[in-house]
Every structure is written in structure tokens, then in C-alpha cells.
Amino acid sequence: MDNLKYYNDSFAYDYDRFVSVPKKRAEIHEYPKTKARVKSKVNKKKAQLVRNSVISGLVVLAVCSSLFLRAEISSMRSEINKINNEIVELESEATRLSVEMERKVSVINLEAAAEALGMQKCEKSQVTYINTNNVDTAENSYGELYAE
């Protein structure tokens, strides 16, 4: 290094000293020392590829099974709703039939039907009382005895 140029009436900096010169780096090539290392790297890549394939296959299978199950659930729900609608219809039909039966069997309708056939209500003069004298047997018009 030449330091004399700094003492020759110049106080300026020598910027050449501060400029960094890129050093050439030696290119380093690593070669595998044995064939086993090469094979292990290839085997690792193959294993990773197989693992990724299996995982992606499982994901696809899970998605497909999920879609299938959702479709089955949807069809079952529609069948349940259809059967529930039929139940509601049958219950309303049963209610309608019971109301119609009560209407036909009502006392007013029975009285009207009896009057149409010429029947009338029983009066006290039509009732006949039988005295059995505390005997628990009875005889009908055919001569048969009834005992308790």
C-alpha cells in the first residue's frame, strides 16, 4: 500500500480503498460419496410421492362418501316428509269420519228415525210391573224358568 500519496499536500480520501471488489467464489459442487445416498434420496422422493398420492386419494374418498351420505340423508328426509304428510291426511280423515258418525248416531237423529218408523216414547200407562215376592226366579211366556 502506498501511503505516500496521502502526505503530498492532499487531504482527500482515496475512495478506491473503500470500494469493495467482488471476490470470485469458488463454485462448490457436491457429489454424493456413495450410490446409497443417491438411492436414499430417490427412495425418499418416491415415498413422499406415494404418501401424497395416498393422502389425496383418501381426501377424494372422504369427499365422495360425504356427498353420497348427504344425498342418502336428503332422500330419506323426503320419504319421511311424505309419510308424515300421509299421516296428517289419515288423521284428518279419521277426525272427519268420527264427526260424521257422531252426527249420524246423535240422539236427535235417532228420535227422528224412530218417529219416521212410527215409534213413540214410552208412557207410564204402557209400563207393566211384576211382583216376584222376593223370589229370585222368573218364568217367561214359554214356561222356561230363570233363576239367579
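Just so we're clear, the structure is a prediction, and the values are computed from it rather than from any experiment.

Colleague: Explanation requested: the overall build of the chain in the structure shown.
Modeller: Of regular secondary structure, the chain possesses 2 helices and 2 strands. Secondary structure elements of the chain, listed N to C terminal, follow the sequence α-α-β-β. Counting across all 148 residues of the chain, residues that qualify as buried make up 1%. Working note: accessible area of the chain is about 15400 Å², and carbon and sulfur atoms make up 59% of it.

Colleague: Even after reading the chapter, I still don't get the pattern of salt bridges, so can you show me in this structure?
Modeller: Side chains that differ in charge, positive against negative, can pair when their charged atoms come close. In total, this model carries 3 salt bridges according to the counting rule given. The shortest N-O distance in the salt bridge between Glu93 and Arg96 comes to 2.5 Å. Residue Glu93 and its partner Arg96 are located together in helix 1 (residues 35-104), separated by 3 residues, close to a single helical turn. Taking relative accessible area as the criterion, Glu93 reaches 34% and is therefore assigned partly exposed. Look at Arg96 and you get partly exposed, because its relative accessible area is 42%. Here Glu100 makes a salt bridge to Arg96, at a shortest N to O gap of 3.1 Å. Taken as a pair, Glu100 and Arg96 lie in helix 1 at a separation of 4 residues, close to a single helical turn. A network of salt bridges, in which partner residues are shared, links Glu93, Arg96, Glu100 and Lys104.

Colleague: Any chance you could explain the confidence of the model for the chain here in plain terms?
Modeller: Regions with low pLDDT should not have their predicted coordinates read in detail. With 74% of its residues at a pLDDT of at least 70, the chain reaches an overall mean of 81. At the low end of the mean pLDDT range in the chain sits strand 2 (residues 145-147), at 72; at the high end sits helix 1, at 91.

Colleague: Looking at this structure, how should I read helix 2 (residues 107-116)?
Modeller: Think of an α-helix as turning once every 3.6 residues; residues three or four places apart then point the same way. Of all the 10 residues making up helix 2, 0 are buried; the element is thus mostly uncovered. Directly after helix 2, the chain includes Gly118, whose backbone phi takes a positive value near 90 degrees.

Cut-off values and rules
Residues numbered from 1 in each chain as written. Predicted model: local features only at pLDDT ≥ 70, side-chain atom pairs only at ≥ 80, totals over all residues. Heavy atoms only, no water. Helix = DSSP H or I, 4+ residues; strand = E, 2+ residues; numbered from the N terminus. Buried < 20%, exposed > 50% of the residue type's maximum accessible area, 1.4 Å probe, protein only. Areas by Shrake-Rupley, 256 points an atom, 1.4 Å probe, with all protein chains shown as cover. Salt bridge = Lys/Arg side-chain N within 4 Å of Asp/Glu carboxyl O. pLDDT = per-residue confidence, 0-100.

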